[in-house]
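Notes for the structure review
Residue-level listing of the chains:
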Amino acid sequence: MSSPTRRLTVAQALVRFLSVQYTERDGVRQRLIAGTWGIFGHGNVAGLGQALLEAGEDAMPYHQGRNEQAMVHAAVGYARQLDRLSAQAVTTSIGPGATNLVTGAALATVNRLPVLLLPGDSFATRAADPLLQQLEHPVEADLTVNDTLRPVSRWFDRVTRPEALIPAALHAMRVLADPVETGAVTLALPQDVQAEAYDWPEEFFAERIWRVRRPAPDPAELAAAARAIERAARPLIVAGGGVHHSGAEDALRALVDATGIPVASTQAGKGSLRHDHPADLGGIGHTGTAVCDDLARAADLVIGVGTRYTDFTTASNTLFQNPDVRFVNLNIAAFDAHKLAASSLVADARTGLDALTEALAGHRVDAGYEAEYRAGKERWARVVAAAYRGDDDAVPTQTQVLGALDAVVGDDDVVINAAGSLPGDLHKLWRARGRRQYHLEYGYSCMGYEIPAAIGVQQATPDTPVWALVGDGTYLMMPTEIVTAVQEGLPVNLLLIQNHGYASIGGLSESVGGERFGTAYRYRAADGTFSGDPLPLDLAANAGSLGMDVLRATTVRELRDALAAARASDRPTCVYVETDTATATAPPAEAWWDVPVAATASREAAVRAREEYERQVAARRRHL
């Protein structure tokens, strides 16, 4: 007897399949693909567009975006807020809509966050060839613009026949749900195949549960890690994003409470401990705190938990200077666990930390070491307080803006940022109170991420106050999803900081001999440079024209009041403030970052910068 089948188009079958996929971890089940973002054109309007319409909101909620890159950012924010256990899909047409996905896909894959990309593609049958927006290549007839997504996807397939959807869809779900493999997954869908009918086996539409495993450490690796920790006089934990993704914050705190080992955090790992825990020393690396970086330089053992050791974390391999320093890396991915010639502990972060706590029973660091790092923490707390403090009637500096926000937010608020000068100030100064409060996308540091990500976070946790912190440079990159927040009635808060240019790149340019070239938003002066008056941009008026409520603040007191009003509002609200850029209140970098400087130059600034570069690069070492 033949198995029962159901006749559907490829697009209809895919939507139906996605609607019954689930993840399960620790006995908790949730939708793997909880909704689909889409902008429709000829490459998907009659395929996935029609399928989503036919399926209805109960089977597959649809979200309307304004920019395809931004839709991916929103999906990434959603997945991160839900610990990678639930994701969203994004569908586009075949041309610029598809290529607009590339930046978002790279961001998702770099940060190991799941998103399903469903771009339309050229005709598989080549009945119409070339069609509108098709890329023709003279020696590769099967190449399409979607191939730009291959290097930024964790898994890619092109579904050129209906029956090929079955293995493709199953592989896609496997990768999305796997904490080691996850990232952007692309299923390129030729527009003629999307609309083609096929008799699908009913088993394809059965509910599937993708169990997210928590692998335990190998006993020999665990024993070696425990021995290394017991022998260390100055151990330091570097907490990365894997702590949050695993939900391992309580396990980390238990280990730290038992052993006294201090914790430094990467941008992705900040908040792994509350800021007021005695062993939480804040950020590490180029944007880290003085106490963290001082301890890192002298550490004889660095215990990485869920981190991939970017150059900002290691200060471009100049931070860990103890000649005898060694590394133990607890990571679910062997690829990351083996970095820096570490003794690897390949395991889920929570499971591995629990096992380490048990293996280290009775062990504690020397009391003098605890006293040392606690005194350093107290000194840095005074630095933070000074940076946050400002005259109530004065124009705020950027760090005083953060101080005003710190005074208003609750423990469960989410603060989102990705690029500019804010990541450095936040990493050094922000006092994280909740496990998901600090949401910095610094793997790709993508301008334009913040506003759409705030929408995704708000969708994932509707009752959570969400703040997108955006400078003028980032705002001008991608303000479009304000319209989406207004349309959906999502009360995201936008803190819009006007400082008349690319503040972060300007500072970097000055430090490497670039003299802030091309970083100011100003009129051309008589000498042809952009050094005239500031441009008369009214970004607050722009946000208001897109439907946001707008509150303007000119002083520290007005800013606190505006932030409190925004938090209490049930509407999308923009708080706009112009900062004092002449007064320096941000603490300087406590560690180096390698940005190569011109080896030959005629301008004095670049010559001096090269001399400093050669001095710094001499401290680089390879940990072998």
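Everything here concerns the structure above.
Criteria and cut-off values
- Residues numbered from 1 in each chain as written.
- Predicted model: local features only at pLDDT ≥ 70, side-chain atom pairs only at ≥ 80, totals over all residues.
- Heavy atoms only, no water.
- Axes fitted to C-alpha atoms, helices over the stretch in contact; angles between N-to-C directions.
- Helix = DSSP H or I, 4+ residues; strand = E, 2+ residues; numbered from the N terminus.
- Parallel < 35°, antiparallel > 145°, perpendicular 65-115°, else oblique.
- Left-handed = near helix turned anticlockwise from the far one by under 90°.
- Contact = heavy atoms within 4.5 Å.
- Nonpolar A, V, L, I, M, F, W, Y, C, P; charged D, E, K, R; others polar.
- Pairing = 2+ DSSP bridges.
- Buried < 20%, exposed > 50% of the residue type's maximum accessible area, 1.4 Å probe, protein only.
- 1 Å grid on protein atoms, 1.4 Å probe; cavity = no way out; pocket = protein on both sides within 12 Å on 5 of 7 lines; lining within 4 Å.
- Points joined across faces, edges and corners; volume = space filled by probe spheres on them.
- Salt bridge = Lys/Arg side-chain N within 4 Å of Asp/Glu carboxyl O.

A few points about the packing of helix 3 (residues 68-81) against helix 5 (residues 101-110)
It is at 7 Å that the axes of helix 3 and helix 5 come closest, and there the two elements cross at 20 degrees. Here helix 5 runs roughly parallel to helix 3, going by the angle between their axes. Considering the relative orientation of helix 3 and helix 5, their crossing is right-handed. For the pair helix 3 and helix 5, the contacting residues are Glu68, Gln69, Val72, His73 and Val76 in the first and Leu101, Thr103, Gly104, Ala105, Leu107 and Ala108 in the second. Among the residues making up the contact of helix 3 with helix 5, the classes are represented as six nonpolar, four polar and one charged.

Some words on the sheet that holds strand 23 (residues 573-578)
What holds strands together in a sheet is hydrogen bonding between their backbones, with the strands either parallel or antiparallel. Across the sheet, which stays open at both edges, the six strands sit in the order 19-18-20-21-23-22 with parallel pairing between neighbours. Every interior strand has two partners, whereas the edge strands, strand 19 (438-440) and strand 22 (549-553), have only one. Across this sheet, the average inter-strand angle for adjacent strands is 20 degrees, counted without regard to direction. Sheet topology places strand 20 (residues 466-471) next to strand 21 (residues 493-498); five bridges connect them, and they run parallel. Note on strand 21: the bridge partner recorded for glycine 471 is isoleucine 497. In this fold helix 23 (residues 556-568) packs onto strand 20, strand 21, strand 22 and strand 23, with an angle of close to 170 degrees to the strand it touches most, strand 23.

A few points about the packing of helix 3 against helix 18 (residues 450-460)
Remark: helix 3 packs on helix 18, axes separated minimally by 7 Å, with the N-to-C direction vectors making an angle of 40 degrees. Here helix 18 runs oblique to helix 3, going by the angle between their axes. Handedness of the crossing formed by helix 3 with helix 18: right-handed. Residue-level contacts link Ala70, His73, Ala74, Gly77, Tyr78 and Gln81 of helix 3 to Pro452, Ala453, Gly456, Val457, Gln459 and Ala460 of helix 18. The residue inventory of the contact of helix 3 with helix 18, partitioned by class, reads seven nonpolar, five polar and no charged.

Re helix 1 (residues 10-18)
Of all nine residues making up helix 1, eight are buried, and the element is well covered by its neighbours. Listing the buried residues of helix 1 in full gives Val10, Ala11, Gln12, Ala13, Leu14, Val15, Phe17 and Leu18.

Structural notes on the layout of surface pockets
There is about 300 Å³ of room inside the second largest pocket. As for the second largest pocket, its lining consists of 21 residues, of which His275, Asp280, Lys377, Trp380 and Arg431 are closest to the centre. Those elements giving two or more residues to the lining of the second largest pocket turn out to be strand 14 (280-283), helix 15 (367-388) and helix 17 (422-429). Residue composition of the lining of the second largest pocket, grouped by class: eight nonpolar, seven polar and six charged.

Looking at the environment of glycine 532
Looking at where glycine 532 falls in the secondary structure, it is placed in the loop between helix 21 (503-511) and helix 22 (539-545). We classify glycine 532 as buried; its relative accessible area is 15%. Along the sequence, glycine 532 and leucine 143 sit 389 residues apart, while their C-alpha atoms lie 47 Å from each other. Residues within four places of glycine 532 in sequence aside, it is in contact with Arg522, Tyr523 and Ala525.

Observations concerning the pattern of salt bridges
Summed over all chains, the structure comprises 37 salt bridges. A salt bridge links arginine 615 to glutamate 612, with the nearest nitrogen and oxygen atoms 2.7 Å apart. Of this pair, arginine 615 and glutamate 612 are both found in helix 24 (residues 604-617), three residues apart, which corresponds to roughly one turn of the helix. For arginine 615, a relative accessible area of 53% corresponds to the exposed category. Sharing partners across several salt bridges, the network here consists of Asp26, Arg214, Asp348 and Arg350.

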